[in-house]
Amino acid sequence: MDCFFVPENLDLEEELNRCGLSYLNRSLFRDKCNYLISSLYLQHVILDKTWAEYFPVYSKRLERLLTSHHLSDVKDALLKSGIIEVRKKRNRETYSPQQESKSYRIGKRFWGCRFKTTPISNSRFGRRINTVKLEENLREIEGHSGKRLIYKSLQTLTFDAAGARRLLELTAFTKDRSENFWLNAILRLEQRYFRVSSDAQGRFYNNLTNMPRKLRPFLTYNGEPLYSIDISGSHPCIASLLYREECEEKSRYVAIVSGNTFYAFLNSRLKFPFNLEDDEVKTEFKKAVFRAIFFGSAYAPPAELWEIFVAEFPILADRIKAEKRRHQRDLAKKIQKIESDIVINSAAIRIGQKYTSGNVCMISIHDCLVTTGKHTAEFKGVLEEEYEKVLGFRPTVKIKELREEFPSLELAAAA
């Protein structure tokens, strides 16, 4: 990318001088400082985390970008000025070789302030960022036919940036970080900044996974509209694997999740049910289900949804509690690993091996594949087969045209 996100009220040149670092105060050094600031801010935005949370910074990658000559100076300057903060335990910076990187966050003095874009002033540094990014992308997709096809498909996408920007202007945001989440996604596609990566669970991230859903209708592939092939209730379906043996409860649970009635089933038992006809309300309800049942703390006061779940599925509830006994993230990681193995390491590889010439669109969004209309039936069949191999049953799969699911194009065109 050719710009960074920085606090509106930050005068970096003045800060460096104030800290007695005027000898470092050159455009290249300021660009490198802005790169680290922007990286921390975008993790806060994209991952939708609080200001108080820290994010790991991988020193080897930073060193390749900032060079060993500047790496320590950049971090020291930003820490000294309070622009960023480092996580500490017992007043010492946290670091475990091969296990845990040092973690940083935006300094408290900038919590809640607006962030703006600022251009890269040193073109050579901009080229270096792009070179390192390309090398990392190629390393990520090496030897994986599915990831290779996804990466090729990203590069072939057409993006209506003007329409997306019109929608950005029309949208009323309650948080400026939400607005910057949209803006960042637009900038990346405008500037053809493609980035692919995987986490420890094997989840595969790309421009679409880090893109607001309402901006996806502005994407096409060789002029063709795109369709999502989405597993309904992927995580609740995968949770059925926690049963250790066949039983009546498991059969009943599988019938509910495979029939895509899990959320309606729970909602109907609430004292005050949600209106699931409203898409935004339904999204909030799903979040509440995941917090209360699958990914929230096992030691938190029980929510009404958890009490309903325990009453209906006591065996599975006990297994879920056991999985989260050490840490609530353990169950999430386990389910995400199984999901990524099915979608990325099975379904995507099958499709990638078939279309080695790269003449078909396939892009993953975790439990969903995106493609053009003529391949939806084929990709749906592959997903169903791969889920069935692992789960023993086929989940419900929904196919929707992105423009129908989120009619953003019409709203922007009317502006």
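Everything in this summary refers to the structure shown in the same document.

What counts as what
- Throughout this description, residue numbers start from 1 for each chain and increase along the sequence as written.
- This being a predicted model, a pLDDT of at least 70 is required before a residue's local features are given, and a value of 80 or more before pairs of side-chain atoms are given or counted; all residues contribute to the totals for chains, interfaces and linings.
- To obtain the side-chain values, all non-hydrogen atoms of the structure were used and water was disregarded.
- To form a nonpolar core, buried Ala, Val, Leu, Ile, Met, Phe, Trp, Tyr and Cys residues must be joined to one another through side-chain atoms within 4.5 Å.
- Three labels apply to residues, based on accessible area from a 1.4 Å probe with only protein chains included: buried if under 20% of the type maximum, exposed if over 50%, partly exposed otherwise in between.
- The contact rule is simple, with two residues in contact once any of their heavy atoms fall within 4.5 Å.
- Orientation is described by lines fitted to C-alpha atoms, with helices fitted over the stretch in contact, and by angles between N-to-C directions that extend from 0 to 180 degrees.
- Note on conventions: DSSP H or I runs of at least 4 residues are helices, E runs of at least 2 residues are strands, and numbering of each starts at the N terminus.
- An angle below 35 degrees is read as roughly parallel, one above 145 as roughly antiparallel, one from 65 to 115 as roughly perpendicular, and any other as oblique.
- Less than a right angle of anticlockwise turn of the near helix away from the far helix marks a crossing as left-handed, whereas a clockwise turn marks it as right-handed.
- Working definition: a disulfide is two cysteine sulfur atoms within 2.5 Å of each other.
- By the convention adopted, Pro, Cys, Tyr, Trp, Phe, Met, Ile, Leu, Val and Ala count as nonpolar, Lys, Arg, Asp and Glu as charged, and the other residues, Gly among them, as polar.

Once that is clear, we can look at the nonpolar core. Soluble globular proteins tend to pack their nonpolar side chains together in the buried interior. Of all hydrophobic cores here, the largest spans 129 residues; its most connected members are Tyr253, Phe262, Phe294 and Phe309. The residues contacting Tyr253, other than those within four sequence positions of it, are Pro236, Ala239, Ser240, Tyr243, Phe262, Phe294, Phe309, Phe313 and Leu316.

Running from amino to carboxyl end, helix α6 (residues 145–156) crosses helix α15 (residues 329–354) at an angle of 70°, the nearest separation of the two axes being 7 Å. By the angle between their axes, α6 is roughly perpendicular relative to α15. α6 and α15 meet at a crossing whose hand is left-handed. Contacts from Ser145, Gly146, Lys147, Leu149 and Ile150 of α6 reach α15 at Ile344, Ala348, Ile349, Ile351, Gly352 and Gln353.

This brings us to the state of the cysteines. The bond known as a disulfide is covalent and runs between the sulfur atoms of two cysteines. Tallied over the full model, the rule gives zero disulfides. Among the cysteines around Cys19, which has no disulfide bond, Cys33 carries the closest sulfur, lying 10 Å off. What makes Cys19 buried here is its relative accessible area of 9%. With no disulfide of its own, Cys237 lies closest to Cys368 among cysteine sulfurs, the gap being 15 Å. Classification of Cys237 as buried rests on a relative accessible area of 0%.

One can describe the packing of helix α12 (residues 279–294) onto helix α13 (residues 304–312) by two numbers: an axis separation of 8 Å at closest approach and a directional angle of 65°. In this view, α12 runs roughly perpendicular relative to α13, as classed from their interaxial angle. In the crossing of α12 with α13, the sense of the turn from one axis to the other is right-handed. Along the contact surface, α12 presents Phe285, Ala288, Val289, Ala292 and Ile293, while α13 presents Leu305, Trp306 and Phe309. Across the contact of α12 with α13, the residue classes tally to eight nonpolar, no polar and no charged.

It is worth spelling out unusual backbone geometry at this point. In this structure, Asp48 takes a positive phi of about 55° despite not being glycine. Topologically, Asp48 is positioned in the loop between α2 (27–46) and β2 (55–56). By relative accessible area, Asp48 is classed as exposed at 51%. In the Ramachandran plot, His366 falls in the positive-phi region, its phi being about 60° despite a non-glycine side chain. Its location among the elements puts His366 in the loop between β13 (363–365) and β14 (368–372).

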